[in-house]
Amino acid sequence: MAYSAAPHRLALAVAVLALLITSSACAVGRTTVRDPFAGSSARSRSGGGAAEIRIAVRNSNFNESVIYAVRPGTRRRLGRVQGAADGEFTMPWLSTDQLRFEIDILANDRCFTRTVYVEPGQRLLVIIDSTSRQRSDGVRRMCDVQRGR
């Protein structure tokens, strides 16, 4: 009677496959993704909300908009807000307290808000209108930022 290695190879292949599936399923549960923009301060790493800024966006324009936070020397994409919808973002508060927003409106121009001074834990409201209008600083534009209450 001849020895056949096929059943042993099949059993070994099934065992290796089961081990790979089990180890990959366990690894997915432990994977964490760190925000590369979160900074390196101990206050940011602690996870406390005081080191963050909350940005609410009210998009009254009918076009989708991409929101960017602009600080002196840096520009960070926060995300997209659909037309005629609201969105909310959080971002870490770093050492600078000057912040303005750049809004890239799909099939339209970009607009910039005025510069606001923010503190850790601050809430801001970014407003995107469908037409430009006179703002509190006397400039006509489609977007504005207000400090939260």
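Values in this document were obtained by computation on a predicted structure and should not be read as measured data. (Residues numbered from 1 in each chain as written. Predicted model: local features only at pLDDT ≥ 70, side-chain atom pairs only at ≥ 80, totals over all residues. Heavy atoms only, no water.)

Student: Explain the nonpolar core residue by residue, including any values.
Tutor: Core analysis: the biggest nonpolar cluster contains 23 residues, and Ile-67, Phe-101 and Ile-103 have the highest contact counts within it. Secondary-structure elements contributing two or more residues to this core are β1 (52-59), β2 (65-71), β3 (74-81), β4 (85-92), β5 (98-105), β8 (123-134) and β9 (140-147). For Ile-103, the contacting residues outside a window of four places in its chain are Ser-65, Val-66, Ile-67, Asp-109, Arg-110, Cys-111, Thr-113, Val-126, Ile-128 and Cys-143. (Core = buried A, V, L, I, M, F, W, Y, C linked by side-chain atoms within 4.5 Å. Buried < 20%, exposed > 50% of the residue type's maximum accessible area, 1.4 Å probe, protein only. Helix = DSSP H or I, 4+ residues; strand = E, 2+ residues; numbered from the N terminus. Contact = heavy atoms within 4.5 Å.)

Student: Run through the state of the cysteines, naming residues and quoting values.
Tutor: According to the stated counting rule, one finds one disulfide in the structure shown. Disulfide pairing places Cys-111 opposite Cys-143 at an S-S distance of 2.3 Å. Note that Cys-111 is positioned in strand β6 (residues 110-112) and Cys-143 in strand β9, a separation of 32 residues in sequence. In this structure, Cys-111 and Cys-143 share a single accessibility class: buried. (Disulfide = S-S within 2.5 Å.)

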